[in-house]
Amino acid sequence: MRRTADCVIIGGGVVGSSLAYYLAKRGMTNCVVLEASYLSSGATGRCGGGIRQQWSTEPNARLAIESMALWKGLEDELDRDIEFLQGGYLVLGYTDDDVRQFEANVELQRGLGLDVEVLTPTEIRDRAAPGLDTRGVRLATYCSSDGSANPFLTTQAYADAARRLGVEFELFTPVGRVLVEGGRVTGVETERGTVSAPVVVNAAGSHSLLLARTAGIELPITPWRREILVTEPVERFLDPMVISFSFGIYFRQTRHGAVIGGFADPDEQPGFNQTSSLDFLTTMSRKLGRLMPRLASVKIVRQWAGLYDATPDGQPILGHVPEVDGFIQACGFSGHGFMIAPKVSSLLAQLITGERPDLDIDRLNLRRFADGATAGERSVV
Ligand SMILES: Cc1cc2nc3c(=O)[nH]c(=O)nc-3n(C[C@H](O)[C@H](O)[C@H](O)COP(=O)(O)OP(=O)(O)OC[C@H]3O[C@@H](n4cnc5c(N)ncnc54)[C@H](O)[C@@H]3O)c2cc1C
């Protein structure tokens, strides 16, 4: 293991791995990624793989739209099949609140150049999701350029590309402490020894909260369990990912035919619990069968759970912290860190290599919470 590096990245999820790649691509190849377990062992490997540009806040929408531009070229750039598919994304609205929120969303999204349509229930069935039970649906927003990718393949592809450029990945190497001297980060302490570096990036998902504390930084991140399941493969019937915030569900059909999806339990308590529950299995099966009757008797092959690293405004925490020079945050992604990772990581790579990021990420700095930022993203499950 290298004992000194230009940059240490804590966490080998999609964010840490993609950041390693974008840093190396910019010439900073003397980087080490320290991962407590295996690549994608955190939220990344547990996620739904959805890539949606339809967000309710400008920062999230911009990051998602600009990420999509990168997603489109990623298989060529990384020379790997990552099961990227632009099958669209259908957001179902059931309530007056949904209708009001969707109007605001569509105005924002179209203002940012996104081609998003508003569909009636008949149009949903005819054009986007044949067989969907639209009882109670008032309208949907639909963006045909949204899509999905395989989180494991994506993270591995980024990591392999970074390795080819000289980055070192140390797996099963938990970081115990971020080292700080005189208001500057100096490296990290692991069970296998210390790595010295002038820049340390906190990309440890929900555990970022704990790592930041070792450097005296308090992050407003709350871990929340989110459960998810996958069915046996069935004949292709669905192109877009389907989501509803009021009905509380998301699902998509993977390239191999399996349906993957989940919902947020409104009674969930915050914490690091990642166990699976029978309640989730039964409720999710019922919801899936209600919305897509052809799935009513499909077999569930596996269920699991992962953690959202939620912030008060549903937007990530990116960049420097005022108290500790060189300690960069790349965390707080809630339920959308996979889809925005490409742009977030390329922006952070610009910041770390001393260039001005080509999209303003300063407003996503930790400082915003000191000013009382809480209102934020509405389009989360
Ligand atoms: C059920 C579920 C569904 C989701 N669906 C979607 C979706 O459809 N689309 C989407 O965009 N997002 C989705 N998300 C969110 C997405 O998974 C995350 O936002 C994203 O994966 C965050 O990536 P990350 O690299 O920041 O974190 P992680 O993937 O959690 O990676 C952090 C890594 O840090 C490591 N680590 C922790 N502590 C230490 C330590 N002390 N030392 C070293 N390493 C450490 C962990 O082992 C982990 O591998 C979903 C999340 C869940 C839970």
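Residue numbers restart at each chain and count upward from 1, following the sequence in its written direction. It should be noted that, the model being predicted, local features are given only for residues of pLDDT at least 70 and side-chain atom pairs only at 80 or more, the latter also being counted only at that level, while totals for whole chains, interfaces and linings use all residues. Computation of side-chain values: all heavy atoms of the structure, hydrogens and water removed.

**Structural notes on the site of the ligand**
Turning to step 1, where the next piece is worked out: The immediate surroundings of the ligand are formed by 39 residues, with Glu35, Thr44, Val175, Gly337 and Met339 found nearest.
Turning to step 2, where the next piece is worked out: Take Glu35: an N or O atom from its side chain is 2.6 Å from an oxygen atom of the ligand.
Turning to step 3, where the next piece is worked out: Across the complex, the protein chains shield 94% of the 1000 Å² of accessible surface that the ligand would expose by itself.
Turning to step 4, where the next piece is worked out: Put simply, DSSP H or I for four residues or longer makes a helix, DSSP E for two residues or longer makes a strand, and each gets a number counted from the N terminus. Secondary-structure elements contributing two or more residues to the shell around the ligand are α1 (14-25), β13 (222-231), β17 (300-310) and α8 (337-352).
Turning to step 5, where the next piece is worked out: All residues other than Ala, Val, Leu, Ile, Met, Phe, Trp, Tyr, Cys, Pro, Asp, Glu, Lys and Arg, Gly among them, are scored as polar; the first ten of these are nonpolar and the last four charged. For the shell around the ligand, the residue count by class is 19 nonpolar, 17 polar and three charged. Near residues are defined by distance, with any heavy atom within 4 Å of the molecule or strand qualifying the residue. In the analysis that follows, any N or O atom pair within 3.5 Å is treated as a polar contact, provided that within protein one partner can donate a hydrogen and the other can accept it, and provided that, for residues neighboring in sequence, both atoms belong to side chains. Note that accessible areas follow from Shrake-Rupley with a 1.4 Å probe, and for residues the cover is restricted to the protein chains shown.

**Thoughts on α8**
Turning to step 1, where the next piece is worked out: Expected helix span is taken as 1.5 Å per residue step, with the number of steps being one fewer than the number of residues. With 16 residues, α8 should reach 22 Å at 1.5 Å per residue; the first-to-last C-alpha distance of 19 Å falls well below that figure.
Turning to step 2, where the next piece is worked out: At Lys343, α8 shows its largest bend, some 35°.
Turning to step 3, where the next piece is worked out: Each residue's exposure class comes from its accessible area (1.4 Å probe, protein chains only) as a fraction of the maximum for that residue type: buried when under 20%, exposed when over 50%, partly exposed otherwise. For α8, the buried fraction is high: 15 of the 16 residues fall into the buried class.
Turning to step 4, where the next piece is worked out: A positive phi of about 85° marks Gly354, the residue just after α8. One axis is fitted to the seven residues ending at the residue and one to the seven starting there. The bend at that residue is the angle between these axes.

**Quick look at the sheet that holds strand β6 (residues 139-143)**
Turning to step 1, where the next piece is worked out: In this description, strands pair whenever DSSP reports at least two bridges between them. Strand order across the open sheet formed by eight strands is β5-β6-β4-β14-β15-β16-β13-β17, with mixed pairing between neighbours. Every other strand in the sheet has two partners, leaving β5 (117-119) and β17 as the edge strands with one partner each. For this sheet, the mean inter-axis angle between neighbouring strands, taken without regard to orientation, is 20°.
Turning to step 2, where the next piece is worked out: With four bridges connecting them, β13 and strand β16 (residues 259-263) associate as antiparallel partners. Within β16, the position partnered with Val230 by the bridge is Ile260.
Turning to step 3, where the next piece is worked out: Here helix α4 (residues 121-128) sits on the sheet and contacts β4 (89-93), β5 and β6; the angle it forms with β5, its principal contact strand, is near 110°. Orientation is described by lines fitted to C-alpha atoms, with helices fitted over the stretch in contact, and by angles between N-to-C directions that extend from 0 to 180 degrees. When checking whether two residues touch, look at their non-hydrogen atoms; a contact exists if any pair is within 4.5 Å.

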